[in-house]
Amino acid sequence: MTLGVQICREIRFPEQWQHLADRGAQAFIYLTHAANPSEPAGVWCSHLISRAAENQRFVLAANVADPRQHCPSRVVSPRGEVLAEAAASQTAVIRTTIDLDESADWYLGQRRQDLLKLSYPARYPRQDPECGPGRVPSPSCALR
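Structural notes, computed from the coordinates. What you see is a predicted model; the values in this text were computed from it and never measured. (Residues numbered from 1 in each chain as written. Predicted model: local features only at pLDDT ≥ 70, side-chain atom pairs only at ≥ 80, totals over all residues. Heavy atoms only, no water.)

### A word on the side chain of Gln-6
Put simply, the rule is: Numbering of helices and strands starts at the N terminus; helices are DSSP runs of H or I of at least 4 residues and strands are runs of E of at least 2. For this analysis, residues touch if any pair of their heavy atoms sits within 4.5 Å.
Within the secondary structure, Gln-6 sits in strand β1 (residues 3–7). Sequence-distant contacts of Gln-6, that is, excluding residues within four places in its chain, are made with Gln-16, Trp-17, Leu-20, Ile-29, Tyr-30 and Leu-31.

Structure (structure tokens):
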């Protein structure tokens, strides 16, 4: 099984999840410490369902046991169905069976590649000292 791992606020960047799916992730693990009372209830839950459904992958999400949490630990199917969920304030083990054959690329295969192309460079070019690791790159580094 190939898993894509996302943490915390990365729930808000769907292109990262698509990139992991494109690279072969059959399911996603999502780890967070989302217990912020100023966050609107339900927003992060909606994001979990969206990330699962739009990428047709299982999302296995784990959060802290805290009564203030706004993103429960849960398992979401590639169709966006919540298969299992832990109560917000309780420490729990979630057990459910998933079938990775339910993961698919049908929706991702229909993306319009003419509108958007994502590019994730492996690293900054080493030959230019201004673009090297540990340096704040100038905008010209991204163009190389």
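### Concerning the pairing of strand β2 (residues 27–31)
For a regular strand, side chains alternate in direction, first toward one face of the sheet and then toward the other. What counts here: Strand pairing requires that DSSP identify at least two bridges connecting the strands. Look down the strands so they point away from you; if the path from the first strand over the helix to the second goes clockwise, the crossover is right-handed.
Taken together, the 5 bridges between β1 and β2 define a ladder with parallel strand orientation. Each bridged residue has a counterpart across the sheet, and for Val-5 the counterpart in β2 is Ile-29. With helix α1 (residues 14–22) bridging β1 and the parallel β2, this β-α-β connection has right-handed handedness. Bridge analysis of β2 against strand β3 (residues 58–62) gives 5 bridges, and the strand direction is parallel. Across the sheet, the residue bridging to Phe-28 is Val-59, located in β3. Once the chain exits β2 it traverses helix α2 (residues 43–55) before rejoining the sheet at β3, and the crossover so formed is right-handed.

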